[in-house]
Amino acid sequence: MTQNDTRPRTDTPSRLHPLDNPARSSLTGPHAHFAESRGRVLRYPVDVTPWIALPDAPDTQDWADLAALAGPGGSVALAALQAPPPPDWEIVFRADGVQLVDASVDAAPDPEAVLLGPRDVPEMLDLVARTRPGPFLPRTVELGTYLGIRRGGALVAMAGERLHPPGWTEISGVCTDESVRGQGLASRLVLAVAHGIRERGETPFLHASASNTGAIRLYESLGFRLRRRTEFLFAFVPAAFPSAHGT
């Protein structure tokens, strides 16, 4: 779905690595069918994933277009920003993050992993609510393959695919119920998801909070290496943004 305004805008091809602005690389590449746009700003549908894709070097009009796309007082999720939001935008959450890429991952399928789909979404949302691995919404499962492990019929662990820059796929939604932690289920699922990505001829990568040192150590032990540091940011559009109504 595209929202057009009357001002023609041009967007020059990015000179950055696809993982430097991964949401934009995804929405202009393999995930283009998800893209909602205004001007040069792209986003996923709000029930798929919250990430917004700004140009590599956003200008004043880009921020106005983002305000119009999100609506007055709307919330936006931003990552890998090259510049901060305008000063009148309220930043409600900011966290340092890391981006890790496959260096020597011993990817392999897992015999206990089951494919998850739309029918499993209520259980997936319940597991996410208990474990809080990061944003996961009712249609996030549409972004790629999600695998889970069940015990006694209940979903107790999962991992899957989110952003999809050309040649790369992000592993995300990695979570394990407290009752089965310490059994290596998250590691097994990460390796299984990575195997599927590798089978397509693509390279796995993932993000983690810089403060989550336990998760980072786990991923490094599986063969991921640090590529870059980044930042995750949630902000509110000003309630009376001058271009919020397309003026």
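Residues numbered from 1 in each chain as written. Predicted model: local features only at pLDDT ≥ 70, side-chain atom pairs only at ≥ 80, totals over all residues. Heavy atoms only, no water.

## Things to note about the overall build of the protein
Put simply, the test is: Secondary structure elements follow DSSP: runs of H or I of four or more residues count as helices, runs of E of two or more count as strands, with numbering from the N terminus. C-alpha atoms define the radius of gyration, and 2.2 Å times the number of residues to the power 0.38 defines the globule rule. In this scheme, a residue with accessible area under 20% of its type's maximum is buried, one over 50% is exposed, and one in between is partly exposed, where area comes from a 1.4 Å probe on protein chains only. Only heavy atoms matter for contacts: two residues are in contact if any of them lie within 4.5 Å across the pair. Here the Shrake-Rupley method, with its probe set to 1.4 Å, supplies the accessible areas, and only the displayed protein chains count as covering residues. By the counting scheme adopted, Arg and Lys are positive, Glu and Asp are negative, and His together with the chain ends is not counted. We put the charge of a Lys on NZ, of an Arg on CZ, of an Asp on CG and of a Glu on CD.
Per the secondary structure count, the protein includes five helices and eleven strands. Relative to the compact-globule value of 18 Å for 247 residues, the protein shows a C-alpha radius of gyration of 18 Å, a close match. Each of the three principal axes of the protein carries a C-alpha extent, and together these read 55 × 35 × 30 Å. With 247 residues in all, the protein has 51% of them scored as buried. Looking at the protein alone, contacts between residues at least 24 apart form 73% of all its contacts between residues at least 6 apart. By element, 52% of the accessible surface of the protein is carried by carbon and sulfur atoms, the whole surface being about 11,500 Å². Taking the average location of the 24 positive side-chain charges in the protein and that of its 28 negative ones, the two points are 1 Å from each other.

## Side note on the layout of surface pockets
Worth spelling out the cut-off: Lining residues are those with an atom within 4 Å of a point, where the points come from a 1 Å grid over the protein atoms alone and group into cavities, where a 1.4 Å probe fits but cannot get out, or pockets, open sets with protein on both sides within 12 Å along at least five of seven lines. Grid points are joined across faces, edges and corners, and a volume is the space filled by probe spheres set on the points. When residues are sorted by character, Ala, Val, Leu, Ile, Met, Phe, Trp, Tyr, Cys and Pro go into the nonpolar class, Asp, Glu, Lys and Arg into the charged class, and all the rest, Gly among them, into the polar class.
There is about 840 Å³ of room inside the largest pocket. Around the largest pocket, the lining comprises 34 residues; the ones closest to its centre are Arg132, Pro133, Val174, Asn212 and Tyr219. Listed by contribution, the elements that provide at least two residues to the lining of the largest pocket are strand E5 (90-102), strand E9 (168-176), helix H4 (185-199), strand E10 (203-209), helix H5 (213-222) and strand E11 (224-236). Here the lining of the largest pocket gets seven residues from one element, more than from any other, and that element is E9. Classifying every residue of the lining of the largest pocket gives 17 nonpolar, twelve polar and five charged.

## Observations regarding empty space enclosed by the protein
Counted according to the given criterion, the structure contains two cavities of 30 Å³ or more. Considered as a void within the structure, the largest cavity measures approximately 100 Å³ in volume. Each residue belonging to the lining of the largest cavity can be placed in one class, and the counts come to eight nonpolar, two polar and two charged. Counted as a void, the second largest cavity has a volume near 80 Å³. As for the second largest cavity, its lining consists of Asn21, Ile52, Ala53, Leu54, Pro55, Asp56, Pro58, Leu78, Ala79, Ala80, Leu81 and Gln82. Where the lining of the second largest cavity is concerned, the elements lending two or more residues are strand E3 (52-53) and strand E4 (75-79). When the residues that make up the lining of the second largest cavity are grouped by side-chain class, the tally is nine nonpolar, two polar and one charged.

## With respect to the sheet that holds strand E1 (residues 36-38)
Stated precisely, the cut-off is as follows: For two strands to pair, DSSP has to find at least two bridges joining them. Helix axes use the C-alpha atoms of the stretch in contact, all axes being lines fitted to C-alpha atoms, and the angles between their N-to-C directions lie in the range 0 to 180 degrees.
Strand order across the open sheet formed by three strands is E1-E2-E3, with antiparallel pairing between neighbours. Sheet topology places E1 and E3 at the edges, where each strand pairs with a single neighbour. Where strand E2 (residues 41-43) and E3 come together, two bridges link them in antiparallel fashion. Paired with Leu42 across the bridge in E3 is Ala53. Packed onto the sheet, helix H2 (residues 60-70) meets E1, E2 and E3 and runs at close to 35 degrees relative to E2.

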